[in-house]
2 protein chains.
Amino acid sequence: MEKNVRISYLFDFYGDILSEKQSRAVELYYNDDLSLGEIAEQFGISRQGVRDLLKRSETLLVEMEEKLRLAEKFECMLEDVEKIIVQALKIRNTDDKEAAECAQMIIDTAEKLKIRIVE
Amino acid sequence: MEKNVRISYLFDFYGDILSEKQSRAVELYYNDDLSLGEIAEQFGISRQGVRDLLKRSETLLVEMEEKLRLAEKFECMLEDVEKIIVQALKIRNTDDKEAAECAQMIIDTAEKLKIRIVE
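Note that this is a predicted model, so its numbers are computed, not measured.

### Observations concerning the relation of the copies chain B and chain A
A rotation about some axis, followed by a shift along it, carries one copy of the chain onto the other.
So, point 1. Each copy superposes on the other: chain B lies on chain A with an RMSD of 0.0 Å after a rotation of 180° and an axial shift of 0.0 Å. Overall, the copies show the geometry of a two-fold rotation axis. Rotation axis and chain B: the residue whose C-alpha lies nearest the axis is D96(B), separated from it by 3.6 Å.
So, point 2. The share of interface residues of chain B whose copies in chain A are also at the interface is 100%, consistent with both copies meeting through the same surface.

Here it is in structure tokens:
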């Protein structure tokens, strides 16, 4: 079973739709890097049981992305915000003090927006 | 049964998680403003059947928002983007031509970003 980095990413978006047990399994396997055997021991179930639990969780996460396309959308948004920051940084060097202040406000807001997107 | 404008809004975000029939019912009732009776006739089911279908769909949409909080998140994002546009519009009036051009690029990107958020 290959670890799919995409799953960890989708888990950030859609983790809340999983059951507590599914969510815990994904966290232990993908974020804490535990083995199937270690998770099996913690859960008191078989390795195959953990494998099934993870498979089901992964399917749910991938299906959510196929339906809602949030991860894709948020990646594009982040690119847009980065572009805005690049332009605002250029403006900040202008001799026009007022414009430079506005540019700083744009940068501050854009940084806040970035956090909103990735959180 | 009171029409909840929030549902129509949440439907834009999470409509794709509904079944085809649920989705169709929500569209007819909330977007096309058909009555329960008219939808019942179209679907060949009772008014109570339509009511149940809508209730179930509404619950699913509200639950999704409780879990993912996307509608709330996107509203905040839109506010941030509007703030960025307001500042960029101020900069566009500067005598510094280069800064004005950067401001225009910020506005263009922010407008694209707005569309991404509401789409």
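### Things to note about the domain arrangement of chain A
So, point 1. When its domains are assigned, chain A resolves into domain 1 (5–68) and domain 2 (72–118).
So, point 2. Using only C-alpha atoms to locate each centre, domain 1 of chain A and domain 2 of chain A end up separated by 36 Å.

### Notes on the nonpolar core
So, point 1. Core analysis: the biggest nonpolar cluster contains 82 residues, and Y14(A) and Y14(B) have the highest contact counts within it.
So, point 2. Excluding residues that lie within four positions of it along the chain, Y14(A) makes contacts with L61(A), M64(A), E65(A), L68(A), R69(A), L70(A), A71(A) and L68(B).

### Quick notes on the environment of E111(A)
So, point 1. Structurally, E111(A) is set in helix 6 (residues 97–118).
So, point 2. Between the C-alpha atoms of E111(A) and I85(A), which are 26 residues apart in sequence, the distance is 8.1 Å.

### Quick notes on the environment of I84(A)
Residues and elements named next belong to chain A.
So, point 1. Relative to the helices and strands, I84 is located in helix 5 (residues 70–91).
So, point 2. Owing to a relative accessible area of 0%, I84 belongs among the buried residues under this scheme.
So, point 3. The sequence separation of I84 and Q22 amounts to 62 residues, and the corresponding C-alpha distance is 38 Å.

Criteria and thresholds
- Residues numbered from 1 in each chain as written.
- Chains lettered and ligands numbered in written order.
- Predicted model: local features only at pLDDT ≥ 70, side-chain atom pairs only at ≥ 80, totals over all residues.
- Heavy atoms only, no water.
- Least-squares fit on C-alpha atoms with pLDDT ≥ 70 in both.
- Contact = heavy atoms within 4.5 Å.
- Domains from an automatic or database assignment.
- Core = buried A, V, L, I, M, F, W, Y, C linked by side-chain atoms within 4.5 Å.
- Buried < 20%, exposed > 50% of the residue type's maximum accessible area, 1.4 Å probe, protein only.
- Helix = DSSP H or I, 4+ residues; strand = E, 2+ residues; numbered from the N terminus.

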